[in-house]
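# Working through the structure, step by step
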Amino acid sequence: SFTTGESIDTTRPRVSSIMPVNGAVDVSVTSDIVVTFDEVLDASNVAEIVRIYTSSGDISGSYSLVDNVLTFTPDNPLPGSTLVNVRAYYNKFYDQAGNRGYTNYYYSFTTETLAN
């Protein structure tokens, strides 16, 4: 027996890593946040895939997606001595076959203390 044609991709994409890592402390306030997925994503809604925020609200910045790596670059340095939350919303990221993300991902890290 044999098959012809290509197999259909039904695998839902997942976050494979986020830098800085979950629970990191003393993270530089000039850090970018990099989210790596396990497959190439559809780039049509890149700014909606990941939310970066603190208890004071969302952090403004720009997003770029190259293949399976999404990078968030803050417009300004991150606030010092602050818990920064990173959320990837499963219903906002899709692979190139149209499969929706597997689950929501929640990460956080704390920025460095700045000298007065």
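Remember, predicted model here, so these are calculated numbers, not experimental data.

It is worth spelling out the environment of Y89 at this point. The residue Y89 is located in the loop between β7 (83–88) and β8 (105–110) in this model. Linking Y89 and E48, residues 41 residues apart in sequence, is a C-alpha distance of 8.1 Å. Apart from the residues lying within four places of it in its own chain, the contact partners of Y89 are E48, I49, R51 and N104.

Looking now at the pattern of salt bridges. Oppositely charged side chains can form a pair if their charged atoms are brought close together. Applying the stated criterion across every chain, the model contains two salt bridges. The partner of E48 in a salt bridge is K92, and the shortest N-O contact between them spans 3.7 Å. Of this pair, E48 sits in helix α1 (residues 46–49) while K92 is found in the loop between β7 and β8, placing the two residues 44 residues apart along the sequence. Relative accessible area serves as the criterion here: at 43%, E48 is assigned to the partly exposed category. A residue is classified by how much of its surface remains accessible, and K92, at 30% relative accessible area, is partly exposed. The salt bridge involving R51 is made with D58; its shortest N-O contact spans 2.6 Å. Since its relative accessible area comes to 30%, R51 is described here as partly exposed.

Counted under the stated rule, the structure contains two aromatic pairs. The interplanar angle of 55° and the centroid separation of 4.9 Å between the aromatic rings of F37 and F93 together place this pair among those described as tilted. Here F93 lies in the loop between β7 and β8 and F37 lies in strand β2 (residues 33–37), a separation of 56 residues in the sequence. Considered together, F37 and F93 belong to a single accessibility category, that of buried residues. Each ring, one from Y63 and one from F72, has its centre 4.9 Å from the other, and the planes form 55°; the classification is tilted. With a relative accessible area of 22%, Y63 lands in the partly exposed category. For F72, a relative accessible area of 1% gives the class buried. Residue placement shows R14 over the ring face of Y102; its charged tip is 3.5 Å from the ring centre. Lying across the ring of Y53, R51 places its NZ or CZ 3.9 Å from the centre.

The next subject is the sheet that holds β8. Spatially, four strands are ordered β4-β3-β7-β8 in an open sheet, and the strand pairing comes out antiparallel. Two strands bound the open sheet, and with one partner strand each, they are β4 (57–58) and β8. Across four bridges, the pairing between strand β3 (residues 50–54) and β7 is antiparallel. Along β7, the bridge assignment pairs I52 with V86.

Cut-off values and rules
Residues numbered from 1 in each chain as written. Predicted model: local features only at pLDDT ≥ 70, side-chain atom pairs only at ≥ 80, totals over all residues. Heavy atoms only, no water. Helix = DSSP H or I, 4+ residues; strand = E, 2+ residues; numbered from the N terminus. Contact = heavy atoms within 4.5 Å. Salt bridge = Lys/Arg side-chain N within 4 Å of Asp/Glu carboxyl O. Buried < 20%, exposed > 50% of the residue type's maximum accessible area, 1.4 Å probe, protein only. Phe/Tyr/Trp six-rings, centres within 6.5 Å; stacked < 30°, edge-to-face > 60°. Lys NZ or Arg CZ within 6 Å of the ring centre and 35° of its normal. Pairing = 2+ DSSP bridges.

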